[in-house]
Amino acid sequence: MSIYDTLNNKQKEAVFHTEGPLLILAGAGSGKTRVLTHRIAYLIEEKNINPWNILAITFTNKAAGEMRERVDDLVGYGSESIWVSTFHSACVRILRRHIEKLGYGSNFTIYDTDDQKTLMKDVCKKLALDPKVFKERAILSAISKAKNERISAQEYRQQTAGDYGRQGIARAYVEYEKQMKLNNALDFDDLLGKTVDLLLQDPEVLQYYQNRFRYIMVDEYQDTNTVQFEMIRLLAKEHRNLCVVGDDDQSIYKFRGANIKNILDFEMVFQDACVIKLEQNYRSTKTILDAANSVIRNNRGRKEKTLWTENEEGNKICLKQFESGFDEAEFIAADIEKSRREQQDAYRDYAVLYRTNAQSRTLEERFVAESIPYKIVGGVNFYARREIKDILSYLKTIDNGQDDLAVRRIINVPKRGIGLTTVNRIQGYAEERGIGFYEAIRVADWVPGIGRGLTKVESFAALIEFFKAEANEKSIRELTEDILKQTEYLERLKEEEGEEADSRIENIQEFISKIVLYEEDCESRNEPATLSGFLEEVALVADVEEGEEERDYVVLMTLHSAKGLEFPHVYLAGMEDGLFPSYMTITEGDEEELEEERRLCYVGITRARKTLTLTCARKRMIRGEFQFNKMSRFLQEIPRELMGLKEGYGKGNGSAGKGGFGQTAFADRNFRYRELQKNPFTASKASRNFGDAGAKALDYQVGDRVKHGKFGEGTVMQMVKGGRDYEVTVDFDVAGTKKMFAAFARLEKV
DNA sequence: GTCCCGCAATTTTTT
DNA sequence: ATTGCGGGAC
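- As annotated in an unreviewed UniProt entry, chain A carries the name ATP-dependent DNA helicase and is attributed to Suipraeoptans intestinalis.
- Recorded in UniProt for chain A, the comment headed Sequence similarities (unreviewed entry) runs: "Belongs to the helicase family. UvrD subfamily."

## With respect to the overall build of chain A
Then step 1. A count of helical and extended segments in chain A gives 32 helices and 22 strands.
Then step 2. Only carbon and sulfur atoms are counted for the fraction: they give 47% of the accessible area of chain A, which is about 35300 Å².

## A word on the domain arrangement of chain A
Then step 1. What the domain assignment reports for chain A is domain 1 (9-99 + 193-280), domain 2 (109-183), domain 3 (317-381 + 549-645), domain 4 (393-541) and domain 5 (704-749).
Then step 2. Relative placement of domain 2 and domain 3: their C-alpha centres are 37 Å apart.

## Here's the deal with unusual backbone geometry
Trans peptide bonds make up most of the peptide bonds, and negative phi angles are found at most residues other than glycine.
Then step 1. For the peptide bond that leads from Val413 to Pro414, omega is -10 degrees, which places it in the cis range.
Then step 2. As for its position among the elements, Pro414 is in the loop between helix H18 (404-410) and helix H19 (420-433).
Then step 3. Going from Phe580 to Pro581, the amide bond is cis rather than trans, its omega being 5 degrees.
Then step 4. For Arg150, which is not glycine, the phi torsion reads 60 degrees and is therefore positive.
Then step 5. You will see that Arg240, though not glycine, has its phi angle at about 60 degrees, which is positive.
Then step 6. Position of Arg240 relative to the elements: it lies in the loop between helix H11 (226-236) and strand S7 (242-246).
Then step 7. Of the residues examined, Arg240 reaches a relative accessible area of 31% and is grouped as partly exposed.

## Points about the nonpolar core
Then step 1. Of all hydrophobic cores here, the largest spans 48 residues; its most connected members are Leu395, Ile441 and Phe511.
Then step 2. Sequence-distant contacts of Leu395, defined by excluding residues within four places in its chain, comprise Leu479, Thr480, Ile483, Phe511, Leu531, Phe534 and Leu535.
Then step 3. In this structure, Cys91, Ile99, Ile216 and Leu234 belong to the second largest nonpolar core, which totals 43 residues.

## Some points on the UniProt feature "binding site: ATP" (unreviewed entry) in chain A
Then step 1. The feature "binding site: ATP" (unreviewed entry), as given by UniProt, occupies Ala26, Gly27, Ala28, Gly29, Ser30, Gly31, Lys32 and Thr33 in the numbering adopted here.
Then step 2. With respect to the helices and strands, Gly29 occurs in the loop between strand S1 (22-26) and helix H2 (32-45).
Then step 3. Excluding anything up to four places from it in sequence, Gly29 contacts Gln280, Asn281, Tyr282 and Arg283.
Then step 4. Residue position: Thr33 is located in helix H2.

## Brief notes about the pattern of salt bridges
Then step 1. Summed over all chains, the structure comprises 47 salt bridges.
Then step 2. Where Asp72 meets Arg68, a salt bridge forms, and the shortest distance between an N and an O atom there is 4.0 Å. Residue Asp72 and its partner Arg68 are located together in helix H3 (residues 61-74), separated by four residues, close to a single helical turn.
Then step 3. Classification of Asp72 as partly exposed rests on a relative accessible area of 34%.
Then step 4. Taking relative accessible area as the criterion, Arg68 reaches 23% and is therefore assigned partly exposed.
Then step 5. In this structure, Asp249 and Arg302 form a salt bridge, with 2.8 Å as the shortest nitrogen-oxygen distance. Of the two residues, Asp249 sits in the loop between S7 and helix H12 (261-264) while Arg302 sits in the loop between helix H14 (286-296) and strand S10 (308-309), which places them 53 residues apart along the sequence. Here Asp249 and Arg302 have matching classes, each one buried.

Calculation rules
- Residues numbered from 1 in each chain as written.
- Chains lettered and ligands numbered in written order.
- Predicted model: local features only at pLDDT ≥ 70, side-chain atom pairs only at ≥ 80, totals over all residues.
- Heavy atoms only, no water.
- UniProt positions renumbered as here; feature names shortened; annotations may be inferred.
- Helix = DSSP H or I, 4+ residues; strand = E, 2+ residues; numbered from the N terminus.
- Areas by Shrake-Rupley, 256 points an atom, 1.4 Å probe, with all protein chains shown as cover.
- Domains from an automatic or database assignment.
- Buried < 20%, exposed > 50% of the residue type's maximum accessible area, 1.4 Å probe, protein only.
- Core = buried A, V, L, I, M, F, W, Y, C linked by side-chain atoms within 4.5 Å.
- Contact = heavy atoms within 4.5 Å.
- Salt bridge = Lys/Arg side-chain N within 4 Å of Asp/Glu carboxyl O.

Shown next as structure tokens:
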């Protein structure tokens, strides 16, 4: 009996195929992580490969951590010398060693999205770009896109020579790169890009890593972008033992540069590639899997595969339409509570998934009202929070004053009377002399025109110098606590009062625990806990790990964050056209974007193990106003025989107007999608409010065909209530999309 | 230099 | 609804 006996034939094939390029198409729930970890074990124990020669790459720290753990369990001796890391941390590791060959200092700082934005703001100001035309975010996203395609600032400028709009971006790109270099800083895209530059430029370095990484494995391969692909291609060129695992149907990150071609064209780039499909699903019921298959089947650009399972049929899928998002939330909360009691499940067996973060609020309010423990996953990055960035900036400045952004961030935080004028003067002086911002601060008395600001700046410099001295003697924790004390940071926060301030204080506490954890960790490994080391670790980590994994709560998160997870019971909320698929996707009419949304739907469905509940609402509060949506087109793609009756529900039918909840949307045997829109099986108090609100009821609604006196026939896309009228968006067959008020438009239903 | 108010913007997210 | 930001008032 060996560890490989528990694998199915396809999985075994993938594990035992160790030489040459290999593409594993692993459907959802087909055990791909098991295959990867067993493959590593097999390489070491059966093929006698030195663990030193293995590289396993993932996208997130979490995935890397999990894989590391499972490999450690499986492989005895030597597992610690396997590189299991994210793309970015692998790159940092390589760059810290060799980046001097590219003219950077090896102590480069890593700029996160926030830092990029701050820098870009400066750049725009410097270039006098009209902020109405050039938005920082847009420029940065253009730059990121360029970097992902390995287009340098100079190349970009040449390409856009004739194009006024993009010329501005090109100028910003050039200046941005210049500033980054001056600050000895790299952004996340650079980490990848500079690594590729290095490998291309220095044959010795390339050879070293090619020789080192004889066996390379890449997880979530469908999410790789062009640069990542290039990096892998270079590293694998010599030994060609490249194993990539992915699922084109789960590619949902095109918007951040993932190139689906990497997986679709793998066999073309690596002509002798072996392809293995893992299609047996161990996670979901037959019903859920059938639904997932029938949705994803509608995509064109994909590798044909059909998941199957030996699991039982399971319950029917439940679909419900509600009058409003509030009713939807009410149902979900109550249904979870009811189901949990009946089935003796834990809260953690339930997940509610949605398309946009904004949807979490309504749900959250309901969960609070019902006192159901819940946790919202995602949202703002822990390390991107203001208070955390403030403290980090202090630590960075103390560690080395080279990061101008960090110094500028804290020079007046907490307020110490150093204003923009003074900062600009120092900045100007620094630029003139070609020195860093902090250096200029230390010689502030040389700065022309600094005037009364001088005392304050000098005292700031003295404070930092004091901390610097302290950093040599004290632990990071003690230093941090002293920063908080000396600057009265906490006191200022406490003065603010309010929930927000409280949570900021909590975050700081949590940050300190994080430091303690790091220090203990270093101690246990007999390494010195250095400030630089801590900052390094923090730079590539998005979130704090939950120290309270044990706690029992319902999980609320976006479909994106749900990838890679599974739950016995899943609710997909907000299954509405305009929300999911998103309004942008529908109006742009880009088939590829719609397919990405469909993949997202596929990901959502396949998270469920036992039961799946789909919900949608006819109207939903979005940005302060009600938006009317029809059911998601994806619901149409699920065969109706998979949808079933679910027992009626309600907190006792006594409470007014709630009786309608129990109706299943598919009670009618002759169900057709269009009928659902006209005759939703819903009834609730909300419909009354709506009828009385003053706006005259209209005989058409979203999805209907209407006729206009001038524009001819079209389809109603959206109806937004405004004041005493509706603003109706109609997609006319000939005239295109128009927005109009119902009272004036005199639309007639066709 | 700081505060406050009005205005725009607002899919999805990791590193 | 909420939040961040720029501009004007103090």
